[in-house]
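Tertiary structure, described
The lines below spell out each chain.
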Amino acid sequence: MYTIYVDTLDYLIGVNLIISDWCKVTPVRAAPDFNLFLYDPSGNLVASSEGTECQEDIKFFLTVTGTYTIKVYSYSGDVDYVLDVSN
């Protein structure tokens, strides 16, 4: 879980999850599957990405200011990842 505080509605939130070890999958080791979720300050799910590729992306146009929560969930696998957040 990660949080980001937003004090203006002039921008959007962009979140990129890059699974850096995804390309290192071998036939013996299954590909990892990570999902990405964004919650508004009230705890409502406002955006998600649940693909099976090496990158998950979310773009969300802000509706309220406050603290947004980003949840990275490993559906399967345990590998390193990079999370890039911009607003």
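Right, let's walk through the structure included here.

**Overview of the overall build of the chain**
Helices and strands together make up the secondary structure of the chain, namely zero helices and seven strands. For the chain, the succession of helices and strands along the chain, N to C, is β-β-β-β-β-β-β. Counting every position in the chain, which comprises 87 residues, the buried fraction comes to 32%. Within the chain, contacts between residues separated by at least 24 positions form 70% of all contacts whose residues are at least 6 apart in sequence. As presented, the chain carries roughly 5400 Å² of accessible surface, and 50% of it is formed by carbon and sulfur atoms.

**Overview of the sheet that holds strand S7 (residues 82-86)**
Spatial ordering of the open sheet is given by S5-S2-S7, a layout of three strands whose pairing is antiparallel. The outermost strands of the open sheet, each flanked by one partner alone, are strand S5 (55-61) and S7. Between one strand and the next, the sheet's axes are offset by a mean angle of 10°, whatever the strand orientation. Both strand S2 (residues 12-18) and S5 contribute to a ladder of seven bridges, which runs antiparallel. Residue pairing for S5: Gly 14 is matched across the bridge by Lys 59.

Each value, and the rule that gives it
- Residues numbered from 1 in each chain as written.
- Predicted model: local features only at pLDDT ≥ 70, side-chain atom pairs only at ≥ 80, totals over all residues.
- Heavy atoms only, no water.
- Helix = DSSP H or I, 4+ residues; strand = E, 2+ residues; numbered from the N terminus.
- Buried < 20%, exposed > 50% of the residue type's maximum accessible area, 1.4 Å probe, protein only.
- Contact = heavy atoms within 4.5 Å.
- Areas by Shrake-Rupley, 256 points an atom, 1.4 Å probe, with all protein chains shown as cover.
- Pairing = 2+ DSSP bridges.
- Axes fitted to C-alpha atoms, helices over the stretch in contact; angles between N-to-C directions.

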